[in-house]
Amino acid sequence: MESERLFQAVDNAMSGRGVVLGIAGETGSGMSSILGDVIDRLVKAGGVGVVGRCRYASSTIPLAPVVSMFENFLGIAGSDTEEQRRQRVQSVLSRYDLLDGARDLVGLLEPVRRADGGIDSRVDLGDSHAQERVLGSITRFLEQRFREEPLLYVVEDLHFADTLTLQLAMRLWALGRNWPFMLVGTYRPDPRLIDLRRTVDIEVELPNLTLAESTELVVNERAGDTVEAELNAFMWDRSAGNPGYRVELIR
């Protein structure tokens, strides 16, 4: 039933009625499996998917997953020189009329590489005005992209997102729905995300397994008929009902 609802949401997105989807659950709860089904259906229907991931290691770097997604779109490789990166950024963004009015966005995508291998941003994102200009430019860019072709934008692990990335997600998820797009966020049920979760059109929350569901998982995983009740209860208790941990224990 849940799959049917998600596939209908994908079909709506492809037909020009944008959809914002949230997938909530703990690590190992099956978020990746559901996300994979959504991506497969949209891509098979002719959509284009872009995936970014928030990481604990970059949780203090403003807009880190967004920069990564832009780099993928622009075709920037880690081996590119600063000049190659600059040329690619300016060549692509000029097609969207974003160069003159979005110097902060260009600066964000053209960091300075220090002699010690570190990277410094050309933009002071501690400045609230610069923040607003960057977020506004990204929003305008995506609105233009939505008009070009059906798009799927996925940001995984939003519970690790920096403050600016969360602000951008709130802004994007408040966009009109009259374009062929789908925005998807995956996250743990973190209290920081309460306001964000209220703005999604559809949210799938993946609870941990009940004891009965855990029994079925063990039987299926081991290709057996039954599982001893005491062993099943022990494994359910040790895995806290988490499907991923449960499978690891079984194996």
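Residues numbered from 1 in each chain as written. Predicted model: local features only at pLDDT ≥ 70, side-chain atom pairs only at ≥ 80, totals over all residues. Heavy atoms only, no water.

Asker: Where do I start with the sheet that holds strand β6 (residues 181-187) in this structure?
Answerer: Hydrogen bonding along the main chain pairs the strands of a sheet, whether they run parallel or antiparallel. Here we have 5 strands laid out as an open sheet, ordered β2-β5-β6-β1-β7, and parallel in their pairing. Two strands lie at the open edges of the sheet, namely β2 (48-53) and β7 (202-205), each paired on one side alone. Each neighbouring strand pair of the sheet contributes to a mean axis angle of 15°, computed without reference to strand direction. Both strand β1 (residues 19-24) and β7 contribute to a ladder of 4 bridges, which runs parallel. Its bridge partner lying in β7, Ala24 is registered against Glu205. The sheet contacts of helix α6 (residues 128-148) involve β5 (151-156) and β6, and relative to β5 the element is tilted by about 140°. (Pairing = 2+ DSSP bridges. Helix = DSSP H or I, 4+ residues; strand = E, 2+ residues; numbered from the N terminus. Axes fitted to C-alpha atoms, helices over the stretch in contact; angles between N-to-C directions. Contact = heavy atoms within 4.5 Å.)

Asker: What should I look at first to understand unusual backbone geometry in this one?
Answerer: With glycine set apart, most residues show a phi of negative sign, and most peptide bonds adopt trans. The backbone of Leu63 sits at a positive phi, close to 60°, despite the residue not being glycine. As for its position among the elements, Leu63 is in the loop between β2 and α3 (64-74). According to the relative accessible area criterion, Leu63 is buried, its value standing at 0%. Here the phi dihedral of Asp157 falls at roughly 60°; this positive angle occurs in a residue that is not glycine. Note on placement: Asp157 falls in the loop between β5 and α7 (163-173). Assessed through its relative accessible area of 19%, Asp157 is described here as buried. (Buried < 20%, exposed > 50% of the residue type's maximum accessible area, 1.4 Å probe, protein only.)

Asker: Just to check I follow, could you spell out α3 for this structure?
Answerer: Because each turn of an α-helix spans 3.6 residues, side chains separated by three or four positions end up pointing in the same direction. Those residues of α3 not exposed but buried are Ala64, Pro65, Val66, Val67, Met69, Phe70 and Leu74. The elements touched by buried residues of α3 are β2, α4 (82-93), α5 (103-109), α6, β5 and α7. Trailing α3 by a residue or two, Gly75 shows a phi angle of about 75°, which is positive.

Asker: I would appreciate a short explanation of the packing of aromatic side chains in the present structure.
Answerer: Where two aromatic rings form a pair, the distance of their centres and the angle of their planes describe that pair. Enumeration over the complete set of coordinates arrives at 8 aromatic pairs. Plain terms: the ring middles of Tyr96 and Phe141 are 5.1 Å apart, the flat faces sit at 70° to each other, and that makes the pair edge-to-face. Note that Tyr96 is positioned in the loop between α4 and α5 and Phe141 in helix α6, a separation of 45 residues in sequence. Grouping residues by exposure puts Tyr96 and Phe141 together as buried. Where Phe146 meets Tyr153, the ring centres are 6.3 Å apart and the plane angle is 70°; that geometry is what we call edge-to-face. Judged by its relative accessible area of 1%, Phe146 falls in the buried class. Through a chain of ring-to-ring contacts, the aromatic side chains of Phe70, Phe73, Tyr96 and Phe141 assemble into a single cluster. (Phe/Tyr/Trp six-rings, centres within 6.5 Å; stacked < 30°, edge-to-face > 60°.)

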